[in-house]
Amino acid sequence: MTGKALTSLATLGSAALLLGAFGFQHLGGYAPCQMCLWQRWPHAAAVLIGAILLLGGPRVLAWFGAVSAAVTGLIGAYHAGVEWGWWPGPSSCTGGGMDLGSLDGGSLLSTDGPSGLVMCDEIVWQLLGLSMAGWNAVFSLALAGLWIAAARKVV
């Protein structure tokens, strides 16, 4: 396979994962948590890098595509570990994010709460035992391999 074909495949892979995330959000009604949003940015960078490369940009950018795919894969693996309780996640979006001891009686009884808050440590969808974050990790690390193959062909 040529470097251009590998670059195209890796770019389309990140675009597909990004579009899938938006599809789950806007069509499926699955609101993203903060870590889900973190996983989108490297995919967007990989798509941009791929577009620049396919338009004749400097071939060394393929290595940056590999880094982008690897970063989102590692964030996805970290997020999946948080969902499964293997390690703690950011306190801002996990179950430990609120200190009830600091609230007064009125606040504890209030029914007003944050709307649209999605916790990072809750699995809202899974297939074959993997959550969306887990699948993102698997596919993104495979895309990193495609980017590396592309970089080795073109540089």
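In this text, all values refer to a predicted model and were calculated from it rather than measured experimentally.

## Things to note about the overall build of the protein
Inference 1: Within the protein one finds five helices and two strands.
Inference 2: Scanning the protein from its N terminus toward the C terminus, one meets helices and strands in the order α-α-α-α-β-β-α.
Inference 3: Counting across all 155 residues of the protein, residues that qualify as buried make up 34%.
Inference 4: Nonlocal contacts in the protein, meaning residues at least 24 apart in sequence, comprise 78% of its contacts between residues at least 6 apart.
Inference 5: Carbon and sulfur atoms provide 70% of the accessible area of the protein, an area that totals close to 8,800 Å².

## Some details on the confidence of the model for the protein
Low pLDDT means the predicted atomic positions in that stretch should not be read closely.
Inference 1: Residues with a pLDDT of 70 or more make up 84% of the protein, whose mean pLDDT is 83.
Inference 2: Averaged pLDDT values over the elements of the protein bottom out at 58 in helix α4 (residues 105-109) and peak at 93 in helix α3 (residues 61-83).

## A few points about the layout of surface pockets
Inference 1: In this structure, the largest pocket encloses a volume near 500 Å³.
Inference 2: Together, 28 residues line the largest pocket, and Ala21, Phe24, Met132, Ala133 and Asn136 are the ones closest to its centre.
Inference 3: Elements with a contribution of two residues or more to the lining of the largest pocket: α1 (3-26), α2 (34-54), α3 and α5 (132-154).
Inference 4: It is α1 that contributes the most residues to the lining of the largest pocket, seven residues altogether.
Inference 5: A breakdown of the residues in the lining of the largest pocket according to their chemical character gives 18 nonpolar, seven polar and three charged.

How each quantity is defined
Residues numbered from 1 in each chain as written. Predicted model: local features only at pLDDT ≥ 70, side-chain atom pairs only at ≥ 80, totals over all residues. Heavy atoms only, no water. Helix = DSSP H or I, 4+ residues; strand = E, 2+ residues; numbered from the N terminus. Buried < 20%, exposed > 50% of the residue type's maximum accessible area, 1.4 Å probe, protein only. Contact = heavy atoms within 4.5 Å. Areas by Shrake-Rupley, 256 points an atom, 1.4 Å probe, with all protein chains shown as cover. pLDDT = per-residue confidence, 0-100. 1 Å grid on protein atoms, 1.4 Å probe; cavity = no way out; pocket = protein on both sides within 12 Å on 5 of 7 lines; lining within 4 Å. Points joined across faces, edges and corners; volume = space filled by probe spheres on them. Nonpolar A, V, L, I, M, F, W, Y, C, P; charged D, E, K, R; others polar.

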